[in-house]
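So you can see what is in the structure, the chains are spelled out below.
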Number of protein chains: 2
Amino acid sequence: MTNRKVVSFENIKVACKNCSLSTLCLPMGLSPEDVERLDTIIKRGRPYHRGDHLYRGNDKFHSLRVITSGSVKTYTPNEDGGEQVLGFHLPGELIGLDAIQDNHHNCSAVALETTAVCEVPFSQLESLSSLMPSLQHQMYRLLSREIGQETEMLTLLGKKSAEERLATFLLSFSERFKQRGFSPSDFFLSMSRHEIGNYLGLAVETVSRLFTRFQDEGLLQVERKHVQLLDLPRLYDIVQGTDSIKSNQSRV
Amino acid sequence: MTNRKVVSFENIKVACKNCSLSTLCLPMGLSPEDVERLDTIIKRGRPYHRGDHLYRGNDKFHSLRVITSGSVKTYTPNEDGGEQVLGFHLPGELIGLDAIQDNHHNCSAVALETTAVCEVPFSQLESLSSLMPSLQHQMYRLLSREIGQETEMLTLLGKKSAEERLATFLLSFSERFKQRGFSPSDFFLSMSRHEIGNYLGLAVETVSRLFTRFQDEGLLQVERKHVQLLDLPRLYDIVQGTDSIKSNQSRV
DNA sequence: TAAATGACTTGATCCTGATCAATATCATCT
DNA sequence: AGATGATATTGATCAGGATCAAGTCATTTA
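Topic: the overall build of chain A
Counting secondary structure elements, chain A contains eight helices and eleven strands. Relative to the compact-globule value of 18 Å for 252 residues, chain A shows a C-alpha radius of gyration of 20 Å, a close match. Counting only C-alpha atoms and orienting by the principal axes, one finds that chain A spans roughly 65 × 45 × 40 Å. Considering only residue pairs separated by 6 or more positions, chain A has 71% of its internal contacts joining residues 24 or more positions apart. When the accessible surface of chain A is summed, it comes to about 12100 Å², and 51% of that surface belongs to carbon and sulfur atoms.

Points about the sheet that holds strand 11 (residues 226–229) of chain B
Either a parallel or an antiparallel arrangement is found when strands of a sheet pair, and the pairing is made through backbone hydrogen bonds. Residues and elements named next belong to chain B. Taken in spatial order, the three strands of this open sheet run 9-11-10, and their pairing is antiparallel. Of all the strands in the sheet, just strand 9 (186–188) and strand 10 (220–223) have a single pairing partner and so form its edges. For this sheet, the mean angle separating the axes of adjacent strands, direction not counted, is 15°. For strand 9 and strand 11, the ladder comprises three bridges, and the chain directions are antiparallel. When the bridges of strand 11 are listed, Phe188 appears paired with His226.

Let's talk about the protein's contact with DNA strand C
Surveying the vicinity of DNA strand C reveals 17 residues, the closest of which are Ser208, Arg209 and Thr212 of chain A together with Ala162 and Thr206 of chain B. When the atoms of DNA strand C within 4 Å of the protein are grouped by moiety, sugar and phosphate amount to 63% of the total. Residue Arg209 of chain A places a side-chain N or O atom 2.7 Å away from a base nitrogen belonging to DNA strand C. The contact in question runs from a phosphate oxygen of DNA strand C to an N or O atom on the side chain of Thr212 of chain A, over 2.6 Å. Of all elements in the fold, only helix 6 (204–216) of chain A together with helix 7 (204–216) of chain B reach the threshold of two or more residues within the surface near DNA strand C. The leading source of residues in the surface near DNA strand C is helix 6 of chain A, at four residues. Across the surface near DNA strand C, the residue classes tally to three nonpolar, six polar and eight charged.

Let's talk about the relation of the copies chain A and chain B
Of the transformation superimposing chain A on chain B, the axial component is 0.0 Å and the angular component is 180°, with the fit at an RMSD of 0.0 Å. Expressed as a symmetry operation, the mapping of one chain copy onto the other fits a two-fold axis. Mapped onto chain B, 100% of the interface residues of chain A are again interface residues, and the two copies thus contact each other with one and the same surface.

Thoughts on the environment of Ser192 of chain B
Along the chain, Ser192 of chain B falls in the loop between strand 9 and helix 6 (193–200). Sequence separation of Ser192 of chain B and Lys225 of chain B is 33 residues, and the distance between their C-alpha atoms is 7.8 Å.

Digging into the packing of helix 5 (residues 162–179) of chain B against helix 8 (residues 232–240) of chain B
Residues and elements named next belong to chain B. Running from amino to carboxyl end, helix 5 crosses helix 8 at an angle of 130°, the nearest separation of the two axes being 8 Å. In terms of orientation, helix 5 and helix 8 fall into the oblique class. The handedness of the crossing between helix 5 and helix 8 comes out as left-handed. Two secondary-structure elements touch here, helix 5 through Glu163, Glu164, Ala167, Thr168, Leu171, Ser174 and Glu175 and helix 8 through Leu232, Leu235, Tyr236, Ile238, Val239 and Gln240. A per-class count over the contact of helix 5 with helix 8 returns seven nonpolar, three polar and three charged.

As for the sheet that holds strand 7 (residues 108–111) of chain A
Reading across the sheet, the four strands line up as 2-7-4-5 (chain A) and stay open at both edges, with antiparallel pairing between neighbours. Two strands bound the open sheet, and with one partner strand each, they are strand 2 (53–55) and strand 5 (83–89) of chain A. In this sheet, adjacent strand axes meet at a mean angle of 30° when their direction is disregarded. By the bridge criterion, six bridges tie strand 4 (residues 72–77) of chain A to strand 5 of chain A in an arrangement that is antiparallel. By the bridge assignment for strand 5 of chain A, Thr74 of chain A is matched with Gly87 of chain A. The sheet strands contacting helix 4 (residues 133–159) of chain B are strand 4 and strand 5 of chain A, and the helix crosses strand 5 of chain A at an angle near 120°.

Regarding the protein's contact with DNA strand D
Not every one of the 18 residues close to DNA strand D is listed here, only the nearest: Ala162 and Thr206 of chain A together with Arg193, Arg209 and Thr212 of chain B. Backbone atoms, meaning sugar plus phosphate, form 64% of the atoms of DNA strand D positioned within 4 Å of the protein. Arg209 of chain A is positioned such that a nitrogen or oxygen atom in its side chain is 3.0 Å from a base oxygen of DNA strand D. For the surface near DNA strand D, the elements supplying multiple residues, two or more each, are helix 6 of chain A together with helix 6 and helix 7 of chain B. Here the surface near DNA strand D gets four residues from one element, more than from any other, and that element is helix 7 of chain B. Across the surface near DNA strand D, the residue classes break down as three nonpolar, seven polar and eight charged.

Rules behind the numbers
- Every chain begins its residue count from 1, and numbering advances along the sequence as written.
- Labels are handed out in written order, letters beginning with A for the chains and numbers beginning with 1 for the ligands.
- pLDDT decides what is reported in this predicted model: residues at 70 or higher carry local features, side-chain atom pairs at 80 or more are listed and counted, and totals for whole chains, interfaces and linings draw on all residues regardless.
- With hydrogens and water set aside, each side-chain value is computed from the structure's full complement of heavy atoms.
- A helix here means a DSSP run of H or I that spans at least four residues, while a strand means a run of E at least two residues long, and both kinds are numbered starting from the N terminus.
- Here the globule rule reads 2.2 Å times residues to the power 0.38, and the radius of gyration is calculated from C-alpha atoms.
- Contacts are residue-level and defined by heavy atoms, with any inter-residue pair within 4.5 Å sufficient.
- Only the protein chains shown count as covering a residue, and every accessible area follows the Shrake-Rupley method with a 1.4 Å probe.
- When DSSP finds two or more bridges between two strands, those strands count as paired.
- Fitted lines through C-alpha atoms give the axes, limited to the stretch in contact for helices. The angle between two N-to-C directions lies from 0 to 180 degrees.
- Any residue with a non-hydrogen atom lying within 4 Å of a molecule or strand is treated as near it.
- Within 3.5 Å is the distance limit for a polar contact, defined as a pair of N or O atoms, with the added protein rule that one can donate a hydrogen and the other accept it, and that residues adjacent in sequence qualify only through two side-chain atoms.
- We call Asp, Glu, Lys and Arg charged. Ala, Val, Leu, Ile, Met, Phe, Trp, Tyr, Cys and Pro are nonpolar, and the rest, Gly among them, are polar.
- When the copies are superposed, the least-squares fit draws on C-alpha atoms of residues that have pLDDT of at least 70 in both.
- Relative orientations are named as follows: roughly parallel for angles under 35 degrees, roughly antiparallel for angles over 145 degrees, roughly perpendicular for angles from 65 to 115 degrees, and oblique for any other angle.
- Here a crossing is taken to be left-handed if its near helix is turned anticlockwise relative to the far helix by less than a right angle, and right-handed if that turn runs clockwise.

Written as structure tokens, this is what we have:
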């Protein structure tokens, strides 16, 4: 019990200026003094465990959240008890932006593994951004980027084949892991096949079959949640729609 | 030639404070003095004709635009020459928000009919919003609303049947026309069947067949672009997924 | 260590909506 | 008014991926 203090959450608090994620996060592009000011409003609480909710649809909105470690799934519960997965979020990513519009959450966010976050009380952020044009600018950029990302997702769901969807999904993680200093070709996915399928508008079975097919084609090696991408160029070809593994399939 | 002046575009300029759309638009929630200040940066140019581009993907971004009359389609040209329609925009709606992130347009916007817009130079808007907290707040809200709307579209494309998609589409227009003081049940769609299908992730033929089926079921009356919604409650049922016209189809 | 539970995989079949093909209708433009 | 090309409708067929149904594997619980 005495060693509790050593790992107490107070001790793991980190300031933005010392945070490795600051180049991906709100402080991006801010002067050191501005980062200090931003830091004063940020709250760092205890980690969430797998399955814990950061917030739920209909909760009153008070803070944006930045993932600092772990990963988070956002989703909207839909009428008939099911859910639509809206995104998977990695360290450095800001969530809750959709709640600004009417001051309450429209979707839910749940930790997929042990996850730490910074909370950014929005009313304070708003006041601060009035005083700090660079912060205001960064907020506009982040909101706009979110819109752009959702737009890409619309294109994916509107037009792309199952194969293109999964390849896009895998490469998105590849790139995001790489940005964060991890291997772009060897990583663990923290979500289930079911969640992947839901996110991509595919049935679980289709996702499972695609993993198998991609593996048979030598594009990747998969062992449950552990994925190793073996042929990134080919995966990029698939995303573009300029390549398909089907031809090879039928040749065999 | 002499009567040119009478209808010259100079004469149709309108200030925000006199504009019927101000409750839907940027000035929403601003004090009269703030609206005046906002008005000073807004440019009102000559109308676009059907097929004219307001901007194209890759254009440098300088202004947000508010539709004041007519309608606009936004789309991303994709690799293989095709396009993905991202949205249809009616008077009062703000477009170009996705371009803030990196100062250039990622999608194109084209007039579907004779269309007038207000241009809002973004750098000026940004400066002004630093000075006017209520304007900043409104910007955050509008950006967040856009995110929320795209989220709804993700759910539509990820899970809904063709029938649910078209019903959702029609009711979206119904509500938006109603907000603008037009009939919610009798309107003209300015886009082609092809564009509707593209937007909803459906083939043209499917859209055409659905219109026919909806008409046969007495849900609506359609004559090319002229649509009359005859049974709004039933259409809402279809959107919820709690109703389907298929049962009736097979009964006949 | 066994049983139970949940996640994943694999196979067989079905169905929605895509694609292909043939008109039909509309909007321009001389 | 008639010719032309775009747009829309309708029909027939096809296929991608969903659904249904077992079965396998992994992890937790007892």
